[in-house]
Amino acid sequence: MILRIFDDAEELYEVGANIIANLICTTSEANLGLATGTSPVGIYRKLVEVCQRRGLSFRNVSTYNLDEYVGLPKSHPNSFYREMENNLFQHIDIDRSNVHIPDGEAGDLRAECERYNALLARVQPLDLQVLGIGENGHIGFNEPNHELSSGCHIVSLSEETRTINSIAFDDLDKVPTRAITMGVGDILKSKLVLFIAMGDRKAEIVKRAFQGPVTTMCPGSLLQLHSNVVALLDTQAASLLS
Ligand code: GLP
């Protein structure tokens, strides 16, 4: 694991954006795994700037998002579909037919999981997987559990996750109870994991994930099994690491 710790958030974003930009430059048809949440937003913003500055095109890039809430319409401001549009896709020249996000509105969710698994199987291993971590250690929406799923599946969101994510919703009752997510196997298959964690709230889980036991009760700890993780942390999130 390559661990970079930053005092300055903008420098963290610049480093992260250039890792992605360099991969796009050196890979003829890059397949990028993308994450949502607040952590990667600054990197996506900087990536748009870097690509404009370097004249980089996304025409030959395909993207695969980790997860999506079940039951939120794509037009909902808190859907990951909308979040990705706002934070990245509407600012770059990517071909929308190359943008892939699990369909949380699918009538047959099991069939949607199978569709997404088949889609991923055609391109795995992804060249890069952008990844954050939840305060309870979830990656994507793979929540702590006695067993974890390797491929795309439907999860019931923990009350802790729903409560934390309710910040974006008017109230807890409006936060979906389920999500569709790539599995930990999908995440670990990627050639490179670009991990981002920022803020004091992530210090404890970053310590557990990187220096605690490898356990399904902290899905982020499975990253210790991956041979190519670049972790970009700010000093707050790294503050408990020994
Ligand atoms: C969300 C997403 C994850 C994300 C995590 C942390 O629920 N499903 O992909 O990494 O929570 O989000 P944040 O970066 O906002 O702390």
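This is a predicted model, so every value here is computed, not measured.

K.L.:
Could you give me a rundown of the sheet that holds strand β10 (residues 229-234), with the residues and numbers involved?
P.N.:
With parallel pairing, seven strands are arranged side by side in an open sheet as β1-β10-β9-β6-β2-β3-β5. If you trace the sheet from one side to the other, it starts and ends with β1 (2-6) and β5 (99-100), each paired once. Bridge analysis of strand β6 (residues 128-131) against strand β9 (residues 193-197) gives three bridges, and the strand direction is parallel. When the bridges of β9 are listed, Q129 appears paired with V193. Helix-sheet contacts for helix α4 (residues 109-123) involve β2 (31-34), β3 (62-65) and β5, and the interaxial angle to β3 is about 135°.

K.L.:
How would you explain the sheet that holds strand β4 (residues 67-69) if you had to name every residue and give the values?
P.N.:
Overall, antiparallel pairing links the three strands, which are arranged β4-β8-β7 in an open sheet. Looking along the sheet, the strands with just one partner apiece sit at the ends: β4 and β7 (153-156). Each neighbouring strand pair of the sheet contributes to a mean axis angle of 25°, computed without reference to strand direction. Note that β7 and strand β8 (residues 178-181) share four bridges and pair antiparallel. Counted as the bridge partner of I154 is I180 from β8. The strands touched by α4 within the sheet are β7 and β8, with β8 carrying the most contacts at an inclination of about 25°.

K.L.:
I'd like to hear about the environment of Y116, residue by residue, with values.
P.N.:
Within the secondary structure, Y116 sits in helix α4. Taking the relative accessible area as the measure of exposure, Y116 reaches 0% and is therefore buried. Through-space distance from the C-alpha of Y116 to that of H100 is 8.6 Å; in sequence the pair is 16 residues apart. Ignoring any residue separated from it by four or fewer positions in sequence, one finds Y116 in contact with Y64, N65, H100, I101, P102, C152 and M182. One polar contact links the side chain of Y116 to the main-chain carbonyl oxygen of N65, over a distance of 2.8 Å.

K.L.:
Please provide a residue-by-residue account of the side chain of N31, values included.
P.N.:
Its place among the elements puts N31 in strand β2. You can call N31 buried: its relative accessible area is 12%. The contacts of N31, once residues within four sequence positions are left out, are S62, Y64, V123, L126, D127 and L128.

Criteria and thresholds
- In this numbering scheme, every chain counts its residues from 1 along its sequence in written order.
- Owing to the predicted nature of the model, reporting of local features is limited to residues with pLDDT of at least 70; listing and counting of side-chain atom pairs is limited to 80 or more, with chain, interface and lining totals taken over all residues.
- Based on all heavy atoms of the structure, the side-chain values leave hydrogens and waters out of the count.
- Pairs of strands are assigned from DSSP output, requiring at least two bridges between the strands.
- Each helix is a run of H or I in the DSSP string that is no shorter than four residues. Each strand is a run of E no shorter than two, and both are numbered from the N terminus.
- Throughout, a residue-residue contact means that at least one pair of heavy atoms, one from each residue, lies within 4.5 Å.
- What counts as an axis is a line fitted to C-alpha atoms, over the stretch in contact for a helix, and the angles between N-to-C directions run from 0 to 180 degrees.
- Relative accessibility decides the category of a residue: with a 1.4 Å probe and only protein chains considered, values under 20% of the type maximum give buried, values over 50% give exposed, and everything between is partly exposed.
- Think of a polar contact as two N or O atoms within 3.5 Å of one another; within protein, one of them needs to be a possible hydrogen donor and the other a possible acceptor, and neighboring residues in sequence only count if both atoms come from side chains.

Function cannot be read off these values alone, since they describe shape.
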